[in-house]
Every structure is written in C-alpha cells, then in structure tokens.
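Descriptive analysis of the structure
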Amino acid sequence: MTKLAFFISGTGGNALNLARACKDGRVAGEPVLVVASTPKAGGLARLEGIPSQVVERSAFKSDEAFSEVCYDAAEAAGATVICLAGWLKRLWVPKRWEGRILNIHPGLLPRFGGAGMYGMHVHRAVLAAGERESGCTVHLVDNEFDHGRVLLERRVPVLPGDTAETLQARVYAEEMKAYPEALAAFLRERG
Ligand code: GRF
C-alpha cells in the first residue's frame, strides 16, 4: 500500500474525499500525514484521524527551505506520494520528488492555469473569456506553475446564467470524481 501525504491550505475537501477513497478500497493508498500551510486550515479538523503537521511559509527565508521541511515531514511519516489538495504555497520540487507529487486544479490547463490562477479567479476568468466548457485537471507537479504532465481531465459545460459560484460548484463535483480516479490509476501504474 502506497503511503500518502496530503498537503492542504483550506477546507481539506479533496483530501477528505481521497482519504475516503483509500478507506473503501477505491485507491490503493494509505494516508499517513496531513501537512497544512496554516493552522487555520479547516481541513485539519476534518482530517483529524490522520497525523498532521503545520508548516508555515513565513517561518522560512526561501521556497526551497520551506519545501524541504514539508518533504522532511512527509518522508519521516513514510510517505512516497504527495497529493496537493487546495495547497496554496509555492512548492519547490527537488529531483528526488519529481513525478511523485500530484495536484488538482479547478480549471482546464494550460489555458486557465499559471500564477494567480487559483480558486474563484479561475472560474471568473473562464466566464470572462466566454468559454463554453470548463473542468478540472489532475496533473503532476514540477517547478513551473500548473505545468506538469496531465493525468486526468474532466470537463463540464458552462451554462447560460452561470456565476463564478455556480460554475465552481459544478467543477468541484467533478473534482470529487477526478482526483480519486486519477490517483488510483497513478498508483496502479507505479505498481
Ligand atoms: C479545489 O478547487 C482544487 O481544485 C484547488 O483548490 C480547491 C481546494 O478545495 N486546487 P478543498 O480545500 O479541497 O475543498
């Protein structure tokens, strides 16, 4: 069973969803650690059954130093795969972690990704561009924002009268399916 670390900054909804998928056997993984970038992350309470650690960016001089402490925590817990789930800090990816960090993005890549393109900003940008479709993307993480290999994409229509909030809800419902599905396939392929 692959040991997993979930990195969160917010509600932890995706991490909780992955934890449930592990529990009921849809994902061959065992969550061993939650790393939160702030003690205020609501997900810390929701993921209470999993050991957790808070690592705050403000305590470090560089992205590299911050990231190394996060990896130290993951490695100490025995995790070999990291799932970013609403993680809002820049994570520097050293060689040894390449290809083992996944992220979910609430938009279609590469068009609706990049610096500043997160959360509601994505849905507002999709509406402003007059797109007919949006969706979510599970991808590997490298040292460029929203850039690594795409593992899975799920699309939704943009409907007349959509607001950023209604679109967010439709995309989020797909995230709940996409992340477990992509992680399960990723772990199967890794063997
Ligand atoms: C999700 O929309 C995810 O795509 C993005 O951040 C949000 C996190 O939501 N990366 P939650 O904290 O998992 O509810």
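Below you will find a few notes about this structure. (Residues numbered from 1 in each chain as written. Predicted model: local features only at pLDDT ≥ 70, side-chain atom pairs only at ≥ 80, totals over all residues. Heavy atoms only, no water.)

Here we take up the packing of helix H1 (residues 13–23) against helix H5 (residues 164–190). Two elements in contact, H1 and H5, have axes whose closest approach is 10 Å; the angle formed by their N-to-C orientations is 45°. Taken together, H1 and H5 sit at an angle that is classed as oblique. Relative to H5, H1 is oriented so that their crossing is right-handed. Of the residues in H5, those in contact with Gly 13, Asn 14, Asn 17, Leu 18 and Ala 21 of H1 are Tyr 172, Glu 175, Met 176, Tyr 179, Pro 180 and Leu 183. Each residue belonging to the contact of H1 with H5 can be placed in one class, and the counts come to seven nonpolar, three polar and one charged. (Axes fitted to C-alpha atoms, helices over the stretch in contact; angles between N-to-C directions. Helix = DSSP H or I, 4+ residues; strand = E, 2+ residues; numbered from the N terminus. Parallel < 35°, antiparallel > 145°, perpendicular 65-115°, else oblique. Left-handed = near helix turned anticlockwise from the far one by under 90°. Contact = heavy atoms within 4.5 Å. Nonpolar A, V, L, I, M, F, W, Y, C, P; charged D, E, K, R; others polar.)

Here we take up the site of the ligand. Inspection of the region around the ligand gives Thr 11, Gly 12, Gly 13, Asn 14, Gly 86, Ile 104, His 105, Pro 106, Tyr 172 and Glu 175 as its neighbouring residues. Between the ligand and Pro 106, the relevant distance is 3.4 Å, taken from an oxygen atom to a main-chain nitrogen or oxygen of the residue. One of the side-chain N or O atoms of Glu 175 is found 2.9 Å from an oxygen atom in the ligand. In isolation the ligand offers 370 Å² of accessible surface; the protein chains occlude 83% of this area. The set of elements that each furnish at least two residues to the shell around the ligand consists of H1, strand S5 (101–105) and H5. Of the residues in the shell around the ligand, the class split is three nonpolar, six polar and one charged. (Near = heavy atom within 4 Å. Polar contact = N/O pair within 3.5 Å; in protein donor to acceptor, adjacent residues only side chain to side chain. Areas by Shrake-Rupley, 256 points an atom, 1.4 Å probe, with all protein chains shown as cover.)

The next subject is the pattern of salt bridges. All told, the structure shown has twelve salt bridges when counted by the stated rule. For Arg 26, the salt bridge is made with Asp 24, and the minimal N-O distance between the two is 3.1 Å. With a relative accessible area of 48%, Asp 24 lands in the partly exposed category. Between Arg 170 and Asp 162 there is a salt bridge whose closest N-O contact spans 2.7 Å. One connected set of salt bridges, linked through shared partners, spans Arg 154, Glu 174, Lys 177 and Glu 181. (Salt bridge = Lys/Arg side-chain N within 4 Å of Asp/Glu carboxyl O. Buried < 20%, exposed > 50% of the residue type's maximum accessible area, 1.4 Å probe, protein only.)

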